[in-house]
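Here is how the chains run, residue by residue.
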Amino acid sequence: MRQALELAAVAGAEGDVPVGAIVVSPSGRILGEGRNTRERDADPTGHAEIDAMRQAARAVGEWRLEGCTLVVTLEPCTMCAGALVSARVARLVFGAFDDKAGAVGSLWDVVRDRRLNHRPEVHAGVLAAESTALLQNFFASRR
């Protein structure tokens, strides 16, 4: 999570919402990393989780990320939650809850929907205070 927080800080410094993510292999090797790039790239899919999963898929040579862990500083939105379910990510670890767009329990619970073919293990609130502080400072500086 500390590495994801570092990536989030870079996103914030570049003018994007400070969210960072990494994908870790079952053996503990980092396969992919990402940070929000929506503003920088004018890309609505430029979320940290998507970038990290894309890199990880390239690293393993397929779209399935079975056995992998996605670590992200903010609770995933519906797009990212759907993508991690589709990619068969085994575990999701996230920091801050997102009461406005969270899809892992806050507004929706995409990853635990029993109608889907895959449900990752979820660990929420890891270094939540640090993740929340990054977000609060970012938005406070823009008001």
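Our structure's up above, just so we're on the same page.
Report on the accompanying structure. (Residues numbered from 1 in each chain as written. Predicted model: local features only at pLDDT ≥ 70, side-chain atom pairs only at ≥ 80, totals over all residues. Heavy atoms only, no water.)

Some remarks on helix α1 (residues 2-13)
Note the following rule: Only DSSP runs of H or I reaching four residues or more are called helices, and only runs of E reaching two or more are called strands; each is numbered from the N terminus. To estimate the expected span of a helix, subtract one from its residue number and multiply by 1.5 Å. Exposure classes here rest on a 1.4 Å probe applied to the protein chains alone. A residue is buried below 20% of its type maximum, exposed above 50%, and partly exposed in between. Note that the arc is computed from the directions linking the helix axis to the C-beta atoms. Any pair of residues with heavy atoms lying within 4.5 Å of one another is described as a contacting pair.
Counted at 1.5 Å a residue, the expected span for α1 with its 12 residues is 16 Å, and the 17 Å between its end C-alpha atoms agrees. Within the span of α1, buried status applies to A4, L5, L7, A8, A11 and G12. In a view along the axis of α1, the buried residues occupy a sector of 160°, so they form one face of it. Set apart from the buried face of α1 by more than 90 degrees, the exposed residues are R2, E6 and A13. Those residues of α1 that are buried lie in contact with β1 (20-24), β2 (30-35), β3 (69-74) and α5 (128-140). G15 sits one or two residues past α1 and shows a positive phi near 95°.

Re the packing of α1 against α5
Heads up, the condition is: In this description, a line fitted to the C-alpha atoms serves as the axis of each element, helices being fitted only across the stretch in contact, and the angle between N-to-C directions of two axes falls anywhere from 0 to 180 degrees. Working rule for angles: under 35 degrees goes down as roughly parallel, over 145 as roughly antiparallel, 65 to 115 as roughly perpendicular, anything else as oblique. Polar here means any residue other than Ala, Val, Leu, Ile, Met, Phe, Trp, Tyr, Cys and Pro, which are nonpolar, and Asp, Glu, Lys and Arg, which are charged; Gly is therefore polar.
Contact geometry for α1 and α5: axes closest at 10 Å, N-to-C directions at 5°. As judged from the angle between their axes, α1 and α5 are roughly parallel. Counted together, R2, L5, A8, A9 and G12 of α1 and E130, S131, L134 and F138 of α5 form the full contact between these two elements. The residue makeup of the contact of α1 with α5, split by class, is five nonpolar, two polar and two charged.

Notes on the packing of aromatic side chains
Each aromatic ring pair is described using two quantities: the centre-to-centre distance and the angle formed by the ring planes. Basically, it comes down to this: Each Phe, Tyr or Trp ring (for Trp, its six-membered ring) is paired with any other whose centre lies within 6.5 Å, and the angle between the two planes then decides the class: stacked below 30 degrees, edge-to-face above 60, tilted in between.
Counting across every chain of the model gives two aromatic pairs. Pairing F94 with F97 gives two aromatic rings, centres 5.1 Å apart and planes at 80°, and the pair type is edge-to-face. A residue is classified by how much of its surface remains accessible, and F94, at 0% relative accessible area, is buried. Note on F97: relative accessible area 47%, which makes it partly exposed. Centre to centre, the rings of F138 and F139 are 5.1 Å apart; their planes meet at 80°, and the pair counts as edge-to-face. Assessed through its relative accessible area of 33%, F139 is described here as partly exposed.

Honestly, it's all geometry; don't read function into it.
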